[in-house]
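Next come the chains, spelled out residue by residue.
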Amino acid sequence: MNSSLPLRQPIRTHSLIPLQNHKSARFKLQPSRFVNSSIQNCSRTVSFSPSSIPTQPRFNGSVEFRTVPSLRVRVSSNDAQFGSLNEDCEPKAPSFREFITSERIKVVSMLALALALCNADRVVMSVAIVPLSLAHGWSRSFSGVVQSSFLWGYLISPIAGGTLVDYYGGKVVMGWGVALWSLATFLTPWAADTSLWALLATRAMLGIAEGVALPCMNNMIARWFPQTERARAVGIAMAGFQFGNAIGLMLSPILMSKGGIFGPFVIFGLSGFLWVLVWLSAISSTPDRSSQISKYELEYILNKGWKSFPMENKPKTNRIIPPFRRLLSKMPTWSLIIANAMHSWGFFVILSWMPIYFNTIYHVDLKQAAWFSAVPWSVMGFMGYFGGTWSDMLIRSGISVTLTRKIMQSIGFFGPGIALIGLTTARNPFLASAWLTIAVGLKSFSHSGFLVNLQEIAPRYSGVLHGISNTAGTLAAIVGTVGAGFFVELVGSFRGFLLLTSLLYFLAALFYNIFSTGERVNFDETGP
């Protein structure tokens with residue numbers, strides 16, 4: 001009885017090498033042409049009964065063997081993309097100890113530090129603006145113009161920066177971005193003493209440079225982390241972003257008391273230059289280019305992570321301009337844009353107005369009000385990591401990526417919406433601070449929703465997609481921050497604006513849950 005064994009694998013040709021001459025024959029199946037570099041060394045033994053083994057070779061895609069008492073074929077592959085045969089050979093998930101000592105944790109730690117510097121350089125002006133206004137005789141409204149000059153640059157740079165990230169990679173663009181915004185921070189004292197226009201230009205330059213930070217973060221995490229770890233990695237990076245607020249607000253007064261008004265600008269600027277030196281010398285753009293990464297970690301990342309992300313060694317597209325029309329024609333794109341806009345609305349409204357809210361509603365002095373409104377940001381950093389870890393656990397347990405992202409986004413938007421309603425009912429500043437802490441802490445779960453989702457629906461265009469949604473977020477932040485003041489003047493109540501924000505959270509969560517997806521979306525111009 002003859003039968004054939006078809007080998008349906010993506011390798012074009014194979015060779016059978018006898019491992020030993022015995023009644024029980026063993027053969028090793030080796031691919032003669034590799035799709036990728038050698039990253040595995042694993043095998044599988046397949047046993048056949050003597051009656052089922054054919055006797056003649058054929059050339060139609062099947063292989064036949066002469067009948068022998070027993071035969072075992074050991075299949076071996078060094079190809080990361082060999083197909084189903086290597087499914088059982090994939091590296092196991094790393095332990096917590098292996099994770100925290102890995103090369104990729106070094107990458108995300110450097111990203112978290114960069115984002116901390118990003119926010120510290122941004123908020124230092126909030127502290128320095130008071131003495132600068134007194135020194136130069138600026139009115140309160142003009143002081144607002146000086147502070148808003150940062151947003152002038154930040155409004156236009158994310159899309160262009162995201163496009164550059166997709167084309168040149170996160171390492172290069174992040175290095176340039178940190179160098180430029182550190183230079184702008186360092187030059188702020190000189191600009192303030194030179195002219196008002198020079199000061200506005202340096203602050204706008206800071207905004208332009210910082211616009212690439214989040215797209216670069218997303219790009220590097222997509223390259224270095226498997227899908228089952230990306231939410232946790234984003235949580236770590238965004239924790240640095242949140243702690244940057246606390247670092248800037250706490251250290252700036254201390255540095256100003258020691259080095260004058262411009263002390264914080266000089267120290268933070270020099271810290272950024274030091275970060276760039278470490279980043280360029282110690283971090284690689286992709287895992288396969290790292291000289292420090294272990295073989296185990298490289299195999300784990302390549303097997304688990306790069307199946308959904310374009311390989312670094314593939315030729316780059318000749319078009320640097322992304323298909324904006326195609327990107328904006330998909331509803332999953334708009335679900336991310338709406339989510340980012342609402343996230344930024346809530347973030348900047350709370351950051352800008354909560355000290356005044358505590359001062360106006362509960363009649364505490366501004367120093368105490370700043371403390372009440374600062375505590376939640378530290379909680380947000382820890383909760384973001386917790387949400388990311390839980391999100392990764394859900395995916396590893398078998399829950400779909402789409403459902404996981406919707407769960408995280410629902411917590412991240414419905415939670416703050418409910419907590420802000422509770423905030424309007426608080427009778428004292430301690431209860432109000434507790435409700436605010438719950439709102440901001442739960443808000444961090446959205447980092448494991450829309451923010452990670454950017455990498456999943458558009459691996460090739462995640463940078464520019466992040467830039468588009470970030471620009472929408474910046475517009476929403478401007479409208480929300482300015483609109484809060486006008487709303488309070490017209491209605492005469494902060495609580496009314498908080499209720500409006502709650503409603504917008506609910507609507508944005510519903511929109512995301514209806515139209516978002518955790519699957520890759522085809523944004524190719526020639527695709528369906």
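What counts and what doesn't
Position numbers for residues count from 1 along each chain, tracking the sequence in the order it is written. In keeping with the predicted nature of the model, local features appear solely for residues at pLDDT of at least 70, side-chain atom pairs appear and are counted solely at 80 or more, and the whole-chain, interface and lining totals rest on all residues. Hydrogens and water molecules were not included; the side-chain quantities draw on all heavy atoms of the structure. A run of H or I in DSSP counts as a helix once it spans at least four residues, and a run of E counts as a strand once it spans at least two, with each numbered from the N terminus. Here's how the labels work: a residue is buried when its accessible area is under 20% of the maximum for its type, exposed when over 50%, partly exposed in between, all with a 1.4 Å probe on protein chains only. The patches described consist of residues with a relative accessible area above 30% and no salt bridge, like charges being joined within 9 Å and nonpolar side chains (Val, Leu, Ile, Met, Phe, Trp, Tyr) within 5 Å. Computed by Shrake-Rupley with a 1.4 Å probe, the accessible areas treat only the displayed protein chains as cover when residues are assessed. The working definition used for a salt bridge is a side-chain nitrogen of Lys or Arg within 4 Å of a carboxyl oxygen of Asp or Glu. Here, nonpolar core refers to any group of buried Ala, Val, Leu, Ile, Met, Phe, Trp, Tyr and Cys residues whose side-chain atoms link them within 4.5 Å. Between two residues, a contact is recorded if the distance between any of their heavy atoms is within 4.5 Å.

With that out of the way, let us pick up the environment of Asn-219. With respect to the helices, strands and loops of the structure, Asn-219 is situated in helix H6 (residues 213–224). Taking relative accessible area as the criterion, Asn-219 reaches 2% and is therefore assigned buried. Each C-alpha atom of the pair Asn-219 and Gly-169 lies 7.1 Å from the other, and the pair is 50 residues apart in sequence.

On to a nonpolar patch on the surface. Judged by side-chain polarity, Leu-328, Met-331, Trp-334, Leu-500, Leu-503, Leu-507, Leu-510, Ile-514 and Phe-515 come together as a nonpolar surface patch covering roughly 780 Å² of accessible area. Of all elements in the fold, only helix H11 (331–361) and helix H17 (494–515) reach the threshold of two or more residues within the nonpolar patch. Among the elements that take part in the nonpolar patch, H17 stands out by supplying six residues, more than any other. If you trace the backbone, Leu-510 turns up in helix H17. For Leu-510, a relative accessible area of 46% corresponds to the partly exposed category.

In terms of nonpolar packing, the biggest core is built from 96 residues, with Met-217, Ile-221 and Trp-275 touching the most fellow members. Looking at this core element by element, the count peaks at 14 residues for H11. Non-local contacts of Trp-275, meaning those with residues more than four positions away in its chain, are made with Met-110, Leu-113, Ala-114, Leu-117, Met-174 and Val-178. Val-146, Ala-191, Ala-198 and Phe-268 belong to the second largest nonpolar core, which has 16 residues in total.

Turning our eyes to something else, we now look at the pattern of salt bridges. All chains considered together, the criterion is met by six salt bridges. Close ionic contact of Lys-106 with Glu-103 constitutes a salt bridge, the shortest N to O distance being 2.7 Å. Here Lys-106 pairs with Glu-103, and both are found in helix H2 (residues 103–136), just three residues apart, close to one helical turn. Among the residues examined, Lys-106 registers a relative accessible area of 29% and is labelled partly exposed. A relative accessible area of 10% means that Glu-103 is categorised as buried. We note a salt bridge from Arg-104 to Glu-229, for which the minimum N-O separation is 2.8 Å. Of this pair, Arg-104 sits in helix H2 while Glu-229 sits in the loop between H6 and helix H7 (230–259), placing them 125 residues apart in sequence. Comparing Arg-104 with Glu-229 shows no difference in burial state: the two are buried. Taken together, the shared-partner salt bridges connect Arg-104, Glu-229 and Glu-297 into one network.

Our next topic: the side chain of Ser-446. With respect to the element layout, Ser-446 can be found in the loop between helix H14 (429–443) and helix H15 (450–457). Looking at Ser-446, the relative accessible area reads 0%, which means it is buried. Discounting chain neighbours no more than four positions away, the residues touching Ser-446 are His-343, Met-408, Gln-409, Gly-412, Phe-413 and Leu-451.

By secondary structure assignment, the location of Gln-455 is in helix H15. Once the C-alpha coordinates of Gln-455 and Glu-519 are considered, the two residues, 64 residues apart in sequence, prove to be 10.0 Å apart.

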